[in-house]
Amino acid sequence: MQTRSTIRQGTKVLITGGLGFIGSNLALTLVNLGAEVTLIDSLLPQYGGNLWNVEGIRNHVAINISDVRDPFSIQHLIKNQEIVFNLAGQTSHVDSMTDPYTDLDINAKAQLSILEACKNYNPAAKVVFASTRQIYGRPHYLPVDEKHPLQPVDVNGVNKMAGEWYHMVYHQVYGIRTSVLRLTNTFGPRMRIKDARQTFLGIWVRRLLEGDPIQIFGDGSQIRDYNYVDDVVAALIAAASTEGAFGKILNLGDSQRYSLLDTAKLMIESLGRGAYQLVEFPPDRKKIDIGDYYADFSMASELLGWTPVTPLKTAVETTLSFFNSNLKHYC
Ligand SMILES: NC(=O)c1ccc[n+]([C@@H]2O[C@H](COP(=O)([O-])OP(=O)(O)OC[C@H]3O[C@@H](n4cnc5c(N)ncnc54)[C@H](O)[C@@H]3O)[C@@H](O)[C@H]2O)c1
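Analysis parameters
Residues numbered from 1 in each chain as written. Predicted model: local features only at pLDDT ≥ 70, side-chain atom pairs only at ≥ 80, totals over all residues. Heavy atoms only, no water. Helix = DSSP H or I, 4+ residues; strand = E, 2+ residues; numbered from the N terminus. Rg over C-alpha atoms; globule rule 2.2 N^0.38 Å. Buried < 20%, exposed > 50% of the residue type's maximum accessible area, 1.4 Å probe, protein only. Contact = heavy atoms within 4.5 Å. Areas by Shrake-Rupley, 256 points an atom, 1.4 Å probe, with all protein chains shown as cover. Near = heavy atom within 4 Å. Polar contact = N/O pair within 3.5 Å; in protein donor to acceptor, adjacent residues only side chain to side chain. Phe/Tyr/Trp six-rings, centres within 6.5 Å; stacked < 30°, edge-to-face > 60°. Lys NZ or Arg CZ within 6 Å of the ring centre and 35° of its normal. Arc of directions from axis to C-beta. Core = buried A, V, L, I, M, F, W, Y, C linked by side-chain atoms within 4.5 Å. Patch = residues over 30% accessible without salt bridge, like charges linked within 9 Å, V, L, I, M, F, W, Y side chains within 5 Å. Salt bridge = Lys/Arg side-chain N within 4 Å of Asp/Glu carboxyl O. Pairing = 2+ DSSP bridges. Axes fitted to C-alpha atoms, helices over the stretch in contact; angles between N-to-C directions.

Student: Whenever I open this one, the overall build of the chain confuses me. Can you help?
Tutor: A count of helical and extended segments in the chain gives 11 helices and 13 strands. Rg of the C-alpha trace for the chain: 19 Å, near the compact-globule value of 20 Å for 331 residues, within the 12% margin. Over its C-alpha atoms, taken along the principal directions, the chain stretches across nearly 55 × 45 × 40 Å. Expressed as a percentage of its 331 residues, the buried residues of the chain come to 54%. Pairs at least 24 apart in sequence give 80% of the contacts found in the chain among residues at least 6 apart. Surface exposure of the chain reaches about 13500 Å², of which carbon and sulfur atoms provide 51%.

This is how it looks when you write it as structure tokens:
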């Protein structure tokens, strides 16, 4: 992977949500780069945290099973860190509607505690926050750039929006070096495939590997862009390594776009078996669906020198092969 990186041997890095999908893949890369990595994760069963995610680096990272909603553990853990990758989050859009207060506590209130801890105990830390394309809501135009209005369609989107703007305010007012990346559908090894809480791609992988048909909601014509997790890891590291990225909100995305139907067909072809079904949208999903989405990520390209490099086919093959070998740890 070609990444702009200022990570050196011994760079002290904290990852919130570090046992989750993106956090653990980031940890693997950072350990390879020689960083001294601490992971915070609550391992709440309904989220994507999984100790197996860090199996290969278990002895090379410090793991702290704690909750970002606990300001005291955050204050303690944030001291002396050079970089904080702030990835802990409640990711399920449907759960945010059935249990809005938990989403508020994790995706908004706890983010304030993290920033307060930086302000009071480590104002020199660089902080990169993982936000989401969900906050744009139903696109008014495509591709969606950062100037697009923010009109979240669910509670998760509102709280993630608050979370990212807290990061911007702490930059503007207190000079904390924060950067926000708005992620699109990210997938790859170590994602949660147990259910559809992370992305629909997770449950599609599980169903394919277990011999069940992929269920596509609607007619499958919806367009998406996807990022392979290694490309997102590269963007996170580049954001932490680029002075010009602090105080900025940047979209990630890909210039290749696919309909859900074509995505399903590509997954089936890559595995060499499987089937799909078109099914009616469940009502709770239909109400918060955003329709077609793909991002304009030219600002991230210009500022970070970042562009996704993994073709979808390669990404799908690597992901299926990982879960084929590790299925029992993820179901
Ligand atoms: N995967 C995607 O497609 C995607 C898209 C947009 C944004 N994001 C954002 O990226 C970040 C990482 O997402 P992911 O896909 O790796 O999901 P994930 O669920 O695998 O990782 C999130 C991690 O945060 C942990 N966590 C949740 N609540 C916590 C708490 N209160 N205290 C400590 N840890 C807690 C979970 O246990 C989990 O390990 C999230 O903030 C998410 O909103 C992801």
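Student: Which parts of the structure should I look at to understand the site of the ligand?
Tutor: Not every one of the 30 residues close to the ligand is listed here, only the nearest: Phe21, Asp41, Asp67, Lys160 and Gln198. In the environment of the ligand, a nitrogen atom lies 2.7 Å from a nitrogen or oxygen atom belonging to the side chain of Asp67. One of the backbone N or O atoms of Thr186 is found 2.9 Å from an oxygen atom in the ligand. Burial of the ligand by the protein amounts to 96% of the accessible area it has alone, namely 810 Å². For the shell around the ligand, the secondary-structure elements that each account for two or more residues are α1 (21–32), β5 (126–132) and β7 (185–187). By residue number, the principal contributor to the shell around the ligand is β5, which donates 3 residues.

Student: How do you make sense of the packing of aromatic side chains when you look at a structure like this?
Tutor: The relative placement of two aromatic rings is captured by the distance of their centres and the angle of their planes. Enumeration according to the criterion identifies 12 aromatic pairs in this entry. Ring centres of Phe297 and Trp306 lie 5.7 Å apart, and the angle between their planes is 75°; on these two criteria the pair is classed as edge-to-face. In this structure Phe297 comes out as buried when scored by relative accessible area, which is 10%. Taken together, the ring pairs connect Phe187, Phe200, Trp204, Tyr226, Tyr228 and Tyr258 into an aromatic cluster. Looking at Lys119, its charged tip hangs above the ring of Tyr174, at a distance of 4.7 Å from the centre. The lysine or arginine in question, Arg133, covers the ring of Tyr293, its NZ or CZ lying 5.4 Å from the ring centre.

Student: What am I meant to see in helix α6 (residues 200–209) here?
Tutor: Because an α-helix packs 3.6 residues into every turn, residues spaced three or four apart end up facing the same way. For α6, every residue scored as buried is listed here: Leu201, Gly202, Trp204, Val205, Leu208 and Leu209. One side of α6 carries all its buried residues, which in axial view fall inside an arc of 165°. Its side-chain oxygen 2.8 Å from the backbone nitrogen of Leu201, Thr199 forms the N-cap of α6. Within two residues after α6, Gly211 carries a phi angle of roughly 85°, on the positive side.

Student: What's the story with the nonpolar core in this structure? I'm lost.
Tutor: In a soluble, globular protein the nonpolar side chains are often hidden away together inside. With 67 residues, the main nonpolar core has Ile15, Leu30, Phe85 and Leu181 as its most contacted residues. No other element matches helix α7 (residues 229–240), which puts 10 residues into this core. Excluding anything up to four places from it in sequence, Phe85 contacts Val13, Leu14, Ile15, Thr16, Leu26, Leu30, Val128, Leu236, Ile237 and Ala240. Counting 17 residues, the second-largest nonpolar core is a separate cluster that includes Val68, Ala88, Ala117 and Cys118.

Student: Looking at this model, I keep getting lost on a nonpolar patch on the surface. Mind explaining?
Tutor: A surface patch of nonpolar side chains, amounting to about 210 Å² of accessible area, comprises Leu51, Ile63 and Ile65. Examined against the element boundaries, Ile65 turns out to sit in strand β3 (residues 61–65).

Student: Looking at this structure, I do not really get the sheet that holds β5. What am I missing?
Tutor: Read across the open sheet, the 7 strands follow the order β3-β2-β1-β4-β5-β6-β11; overall the sheet is parallel. Each edge of the open sheet carries a strand with a single partner, namely β3 and β11 (248–251). Across this sheet, the average inter-strand angle for adjacent strands is 20°, counted without regard to direction. Relative to strand β4 (residues 83–86), strand β1 (residues 12–16) runs parallel, the two sharing 4 bridges. By the bridge assignment, Leu14 is partnered in β4 with Val84. Seen against the sheet, α7 touches β4, β5 and β6 (177–183) and runs at an angle of roughly 160° to β6.

Student: I would appreciate a short explanation of the environment of Gly253 in the present structure.
Tutor: Inspection of the secondary structure assignment puts Gly253 in the loop between β11 and β12 (258–259). Each C-alpha atom of the pair Gly253 and Asn185 lies 8.2 Å from the other, and the pair is 68 residues apart in sequence. For Gly253, the contacting residues outside a window of four places in its chain are Thr184, Asp225, Asn227, Ala295, Phe297, Trp306 and Pro308.

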